[in-house]
There are 2 protein chains.
Amino acid sequence: MDETTEGPRARYRRQIREEVQVRAWEQMSQDGASALSLKAIATQMGMTAPALYRYYSSRDELLTELILGAYAELADLVEREGAGDAGLAGIAEALRGWALTHPQKYLLLYGTPVPGYHAPDAATVLAQRIFAPILAGFAALEGGSAEAPSSPARSLRFWTRLHGVISLEVAGHFRGVEFDPAQLYRDEVALLLG
Amino acid sequence: MDETTEGPRARYRRQIREEVQVRAWEQMSQDGASALSLKAIATQMGMTAPALYRYYSSRDELLTELILGAYAELADLVEREGAGDAGLAGIAEALRGWALTHPQKYLLLYGTPVPGYHAPDAATVLAQRIFAPILAGFAALEGGSAEAPSSPARSLRFWTRLHGVISLEVAGHFRGVEFDPAQLYRDEVALLLG
DNA sequence: TTACAACAGTTATAGCCTGTAACTGTAGTT
DNA sequence: AACTACAGTTACAGGCTATAACTGTTGTAA
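This is a predicted model, so every value here is computed, not measured.

## Details of the protein's contact with DNA strand C
Inspection of the region around DNA strand C gives 21 residues, with Gly 7, Lys 39, Pro 50 and Arg 59 of chain A together with Thr 48 of chain B positioned closest. Elements with a minimum of two residues in the surface near DNA strand C: helix H1 (8-31), helix H2 (38-44), helix H3 (49-52) and helix H4 (59-83) of chain A together with helix H1 (8-31) and helix H3 (49-52) of chain B. In terms of residue count, the dominant contributor to the surface near DNA strand C is H2 of chain A (three residues). Of the residues belonging to the surface near DNA strand C, the class tally is 10 nonpolar, four polar and seven charged.

## Quick notes on the protein's contact with DNA strand D
Surveying the vicinity of DNA strand D reveals 21 residues, the closest of which are Thr 48 of chain A together with Gly 7, Lys 39, Pro 50 and Arg 59 of chain B. Counting residues per element, the surface near DNA strand D draws most heavily on helix H2 (residues 38-44) of chain B, at three residues. The class makeup of the residues in the surface near DNA strand D is 10 nonpolar, four polar and seven charged.

## Overview of the interface of chain A and chain B
Across the boundary between the two partners, chain A contributes 28 residues, which contact 28 residues of chain B. Those elements that place two or more of their residues in the side of chain A that touches chain B are H1, helix H6 (103-110) and helix H8 (151-170) of chain A. Residue contributions to the side of chain A that touches chain B peak at nine residues, all from H8 of chain A. Residues that form the side of chain A that touches chain B fall into these classes: 11 nonpolar, 14 polar and three charged.

## Focus: the domain arrangement of chain A
All names here are of chain A. When its domains are assigned, chain A resolves into domain 1 (1-57) and domain 2 (59-193). Placing a centre on the C-alpha atoms of domain 1 and another on those of domain 2 gives a separation of 29 Å. Between domain 1 and domain 2, the contact holds 10 residues from the first and nine residues from the second. If you tally residues by element for the side of domain 1 that touches domain 2, the top one is H1, at five residues.

## Comments concerning the relation of the copies chain A and chain B
The two chain copies are related to each other by a rotation about an axis together with a translation along it. Taken as rigid bodies, chain A and chain B are interconverted by a rotation of 180° and an axial shift of 0.0 Å, the fit giving an RMSD of 0.1 Å. Both copies of the chain, as the preceding transformation shows, are related through a two-fold rotation axis. Minimal C-alpha distance to the rotation axis in chain A is attained by Gly 164 of chain A, lying at 1.8 Å. A shared binding surface is used by both copies, with 100% of the interface residues of chain A retained as interface residues in chain B.

## A short note on the packing of H8 of chain A against helix H8 (residues 151-170) of chain B
Here H8 of chain A crosses H8 of chain B at 95°, and the two axes come no closer than 7 Å. Here H8 of chain A lies roughly perpendicular to H8 of chain B, going by the angle between them. Contacts between H8 of chain A and H8 of chain B involve Thr 160, Arg 161, His 163, Gly 164, Val 165, Ser 167 and Leu 168 of chain A on the former and, on the latter, Thr 160, Arg 161, His 163, Gly 164, Val 165, Ser 167 and Leu 168 of chain B. When grouped by side-chain class, the residues that make up the contact of H8 of chain A with H8 of chain B number four nonpolar, eight polar and two charged.

## Brief notes about helix H5 (residues 87-101) of chain A
Since the α-helix turns once every 3.6 residues, residues separated by three or four places project in the same direction. Residue and element names in this part refer to chain A. Here H5 is 15 residues long and its end C-alpha atoms lie 21 Å apart, about the 21 Å a rise of 1.5 Å per residue gives. Within the sequence span of H5, burial applies to Leu 88, Ile 91, Ala 92, Leu 95, Arg 96 and Ala 99. Considered in projection along H5, the buried side chains sweep an arc of 125° and stay on one side of the axis. Opposite its buried face, H5 presents the exposed residues Gly 97 and Thr 101, each directed more than 90 degrees away. Structurally, H5 contributes buried residues whose contacts are with H4, H6, helix H7 (121-141), H8 and helix H9 (181-193).

## Concerning the packing of helix H7 (residues 121-141) of chain B against H8 of chain B
Residue and element names in this part refer to chain B. At their nearest, the axes of H7 and H8 sit 9 Å apart, and the two run at 125° to each other. The angle between H7 and H8 falls in the class oblique. Considering only the axes of H7 and H8, their crossing is right-handed. Taken together, the residues of H8 that come into contact with H7 (itself represented by Phe 131, Ile 134, Leu 135, Phe 138 and Ala 139) are Ser 151, Pro 152, Arg 154, Ser 155, Phe 158 and Trp 159.

What counts and what doesn't
Residues numbered from 1 in each chain as written. Chains lettered and ligands numbered in written order. Predicted model: local features only at pLDDT ≥ 70, side-chain atom pairs only at ≥ 80, totals over all residues. Near = placed C-beta within 6 Å. Helix = DSSP H or I, 4+ residues; strand = E, 2+ residues; numbered from the N terminus. Nonpolar A, V, L, I, M, F, W, Y, C, P; charged D, E, K, R; others polar. Contact = placed C-beta atoms within 7 Å. Domains from an automatic or database assignment. Least-squares fit on C-alpha atoms with pLDDT ≥ 70 in both. Axes fitted to C-alpha atoms, helices over the stretch in contact; angles between N-to-C directions. Parallel < 35°, antiparallel > 145°, perpendicular 65-115°, else oblique. Expected span 1.5 Å × (residues − 1). Buried ≥ 20, exposed ≤ 12 C-beta atoms within 10 Å, placed from the backbone. Arc of directions from axis to C-beta. Left-handed = near helix turned anticlockwise from the far one by under 90°.

See the structure below:
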């Protein structure tokens, strides 16, 4: 079989894996990462649970693929925005938008880590792909003044400040508080880029 | 039986509940909140699992008690610091110290929430007890200048910025990055209070 | 001081999950 | 057309939460 051509077997496997991922995200959006169940997914797909172990060797392997997928999605988004006209402002905007649209994805990447679970090296690479456009953005802004903070320092601050607002909002900690998170976010972005 | 006096039965119940909580935190520090198991705790205590249901009607009830306990601990700390000489700087310092000492407690309060789990009203009250000293601190700083942000806005910003640094550090997202989170934190505090 | 009721802790069981082993039948492939 | 690779099955081991029904102890009140 030609290596580049996908035979029917491989094609079928890919389709099943994709459907599993879709249903996994559905489950996670409803009941959180801890409720992710291969059994439940299998049942939804009209299979028995052991059948799915042909496609994912463990629940952890599925989780890893979901994490990598989410990282890649976010990395693509940030790279695209970084290259666009709005630059860092665009990145900031897109970041919050993405997080609010897919809270479970954001929380899976930046929320409470699963102790004992070690992210594969691929995740580190993707995390750097997300950070790189921010670094590049601040490097481009850099003026000659010696007393201004370095662009890595500004990039880090950019990240932590935006994450501070986003993560609390996504985790629902602003519920019941009378104020507009969007306004706070805009103000923070303005201060970071001003 | 006098209402204020604790009989032997009540005393024993209290001791068991306390021991359960201690062991629960031990478990959570090692394996995270999702690994919290009444069965395992019971075994450690030389009991069978159903026995523990005399003391906690469900795993969720135990979790609720742990969350409320953590909130109360943090609220006490923040109130104490707020009343101390260092004021807001002291609160900031204590907050990071507490989070790094008890990462699981911090993550349980501010990390990924369990979907479907609704924090009891008591938690909201405690969350306000944590926020109040910060609000008071900025209200005290307030100058006459009309263009400066209001103290609620500054308080909120104080919270989100500090949380941004702390939560990423506690979740291990700074591992492998070459820089000092403590320095970043100090800088952020200085900017917030300067 | 004794009688009894309240209650701690037990075993048994139902129901959910992950994951493995052994088997069967079908569908690509040669 | 024959065969083998593999998808999917049932059966099972072991872990968890939680309930039900039972037993034995102990605080307590008459």
